[in-house]
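# Analysis of the macromolecular model
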Amino acid sequence: MKMPREFFGWIFIMSMAYLSVPFLNAQDGSPQIGIWKGHDSGISGLDLSQDGTRLVTCGLDGTIRLWDAHTGRTLRVLRSRETEFYAVAFSHTAKFIVATGDKGEISVFDAQSGKTVRELQGLEGWSVDLALSPDGRFAAAWSMDGHILIWDIEANAKPCVLAGDPGKWGMSLAWSPDGRILAAGRVSITLWDFKKGTRSGELSGHKDFIRNMAFSPDGRLLASTGLDKTVRVWEIPAARELYTLRPEGFVHPSTIGPVTEPILVPLLAVSFSPDGKTLATAGADRLVRLWEAETGRFIRSFQGHAMSVTALAFSPDGKTLYSASLDKTIRVWRLAR
Amino acid sequence: MEDQDVKNILNSIEKLKLRNSRLTRALTASVSVLTLGIIALAVLGVPSKTAFTAGGVLTVRGLVVVDGNGVERVRIEAPLPDPLVLGKRFPRGGVVSGILLSDEEGNERSGYVTSDGYPNVFFTLDSLARQHVLFITEPQGDPTLRLWDGTSVSTLSAGSDGPGLKLVAGEKTLLEIPARKPAIK
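What you see is a predicted model, and the numbers here were worked out from it, not measured in a lab.

A word on the overall build of chain A. For chain A, the count of helices and strands is one helix and 30 strands. Scaling as 2.2 N^0.38, a compact globule of 337 residues should have a C-alpha radius of gyration of about 20 Å, and chain A matches this with 21 Å. Looking at chain A as a whole, 58% of its 337 residues qualify as buried. As presented, chain A carries roughly 14700 Å² of accessible surface, and 54% of it is formed by carbon and sulfur atoms. The averaged location of the 36 negative side-chain charges in chain A is 4 Å from the averaged location of its 38 positive side-chain charges.

All right, on to the overall build of chain B then. A count of helices and strands for chain B gives one helix and 14 strands. Relative to a compact globule of 185 residues, whose C-alpha radius of gyration would be 16 Å, chain B shows 34 Å and is clearly more extended. C-alpha atoms of chain B, sized along the principal axes, occupy 120 × 40 × 25 Å. Sequence-distant contacts, at least 24 apart, represent 16% of the contacts inside chain B between residues at least 6 apart. By element, 63% of the accessible surface of chain B is carried by carbon and sulfur atoms, the whole surface being about 12500 Å². Across chain B, the mean location of the 21 positive side-chain charges is 5 Å away from that of the 20 negative side-chain charges.

Residues and elements named next belong to chain B. With antiparallel pairing, the 10 strands of this open sheet are ordered in space as β3-β4-β7-β8-β9-β10-β11-β12-β13-β14. The open sheet has two edge strands, β3 (62–66) and β14 (172–177), and neither has a second partner. Each adjacent strand pair in this sheet contributes to an overall mean axis angle of 10 degrees, direction not counted. Bridge count between strand β8 (residues 108–115) and strand β9 (residues 121–126): five bridges; the pairing is antiparallel. By the bridge assignment, Thr114 is partnered in β9 with Val121.

Right, let's talk about the environment of Trp192 of chain A for a bit. Residue and element names in this part refer to chain A. Mapped onto the fold, Trp192 is located in strand β16 (residues 189–193). Judged by relative accessible area, which is 4%, Trp192 ranks as buried. Ignoring sequence-local partners within four residues, the contact set of Trp192 consists of Ile148, Leu162, Ala163, Gly164, Arg180, Ile181, Leu182, Ala184, Gly197, Thr198, Arg199 and Ser200.

We now examine the environment of Thr53 of chain A. Here Thr53 of chain A is to be found in the loop between β2 (43–48) and β3 (54–59). A polar side-chain atom of Thr53 of chain A sits 2.8 Å from a polar atom in the side chain of Asp51 of chain A.

Reading the values: the criteria
Counting starts from 1 at the beginning of each chain's written sequence and moves along it residue by residue. Ligands are numbered from 1 and chains lettered from A, in the order in which they are written. Where local features are concerned, this predicted model is filtered to residues with pLDDT of at least 70; where side-chain atom pairs are given and counted, the filter is 80 or more; whole-chain, interface and lining totals use all residues. Hydrogens and water molecules were not included; the side-chain quantities draw on all heavy atoms of the structure. By definition, any uninterrupted DSSP run of H or I lasting at least four residues is a helix, any uninterrupted run of E lasting at least two residues is a strand, and each is numbered from the N terminus. Both definitions apply: the radius of gyration is a C-alpha atom measure, and the globule rule equals 2.2 Å times residues to the power 0.38. Per-residue accessibility, obtained with a 1.4 Å probe over protein chains only, is compared with the maximum for each type, and a residue is labelled buried under 20%, exposed over 50%, and partly exposed between these values. The protein chains shown are the only cover counted for residues, whose accessible areas, like all others here, come from Shrake-Rupley with a 1.4 Å probe. Note on charges: Lys and Arg go in the positive column, Asp and Glu in the negative column, and His and the chain ends are not counted at all. The atoms used to mark charge sites are NZ of Lys, CZ of Arg, CG of Asp and CD of Glu. Contacts are residue-level and defined by heavy atoms, with any inter-residue pair within 4.5 Å sufficient. Note on pairing: DSSP must find at least two bridges between two strands before they are called paired. Orientation is described by lines fitted to C-alpha atoms, with helices fitted over the stretch in contact, and by angles between N-to-C directions that extend from 0 to 180 degrees. In the analysis that follows, any N or O atom pair within 3.5 Å is treated as a polar contact, provided that within protein one partner can donate a hydrogen and the other can accept it, and provided that, for residues neighboring in sequence, both atoms belong to side chains.

Okay, structure coming up:
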């Protein structure tokens, strides 16, 4: 039996349409160009190497996964004594991967071999976040006695201590791009002059714990997301709040497809684009949102994650955004048209 | 066949008999120990680090129910672990034992527990990040129901000195009956 040529044409068109469905965003048509799977539990941390070639994630399954940032191929899986990891970061040249988990140590891995280089000791309890200095030499973490510990990650030395308020520990840390300021987020943000080891400012406004912070690439702005369901953007030289965002909407599945409930929920992740013009936020709303960094004007949102979005990272060229979620996936969003 | 050959053969036979006898004794001993072990297990039960049963009662330190995605949804344990909140675990600030309910993301959302040290019993309902309902009875009594969201707080209590009701919005007390402060330890 001879099939008409149009039949094969229709088969081809229908196949292409079917295959393209996973890459299209249901809400606003924005392209989702990848869904990467591998973690057995929720993903809690994510970082991209400075050259944009490798992505590292950590999760509640006690693993750290190294990915090819272009293809999504798993390059290596690292394990430690931790049963849960909460935050992970590449050192400046991606020589090391540094992570914190529930065992009260900061683990330093060789990114090439995957071997544990050292375990940084000294924390009271454990730290749910860490920050690496821009030169990749120092790692900072909150200790649950209220102090901030700073280690030289390439030396077996005791950590330096920035003396905080006893017993008042926080959930977030961020280092300014010039390495001079370490922002320590609790309910307010303490700005530490890293070289002097002294407090240089205090930013108050959040009503609950701050969960994540990020400096703009020029170091002029600091964005913070909180369990108080707000995003606040601060001008650092003036130590004042520039604006507050209260992104409303919580996505959940229903029989007719995803429904967005008009409620406020905690926000967990924030990141500036490399040119500093765009701010990305995400959280328990399961949405990734983009804003104009200078004004706070809403640009667009990406929908796809089935659970809370915990971490975000822009590619160095600003054309791609990576998001990690408790739904065990990393989603890759194309920003440039 | 010469006499020497016969002697050698007889020697070899004696050696084989001796070896056979030793092997038989070793085998008998092994089988006996194995049999005794099986009988002991049958009589005393299979020992386990995690659980044992006696009279149809399962005795464990903890029991975890997970959903189809492997996410922990119910945990009964003594003591319970620290709470998981939106992908990170935080210190509970006290030792408690009982039942925890978690949502589909693994966030702790409710507990029905007793505390170690100071013997309160309480029931809690939590949002994604915060506790919002506490129903507590202290060792001497004084049951209290407390509901709060941000600075809005409602407290209903009963005690040896009578019942109490208090509604607070921010710094302002909207209603207090009688004019006293219900205590929560």
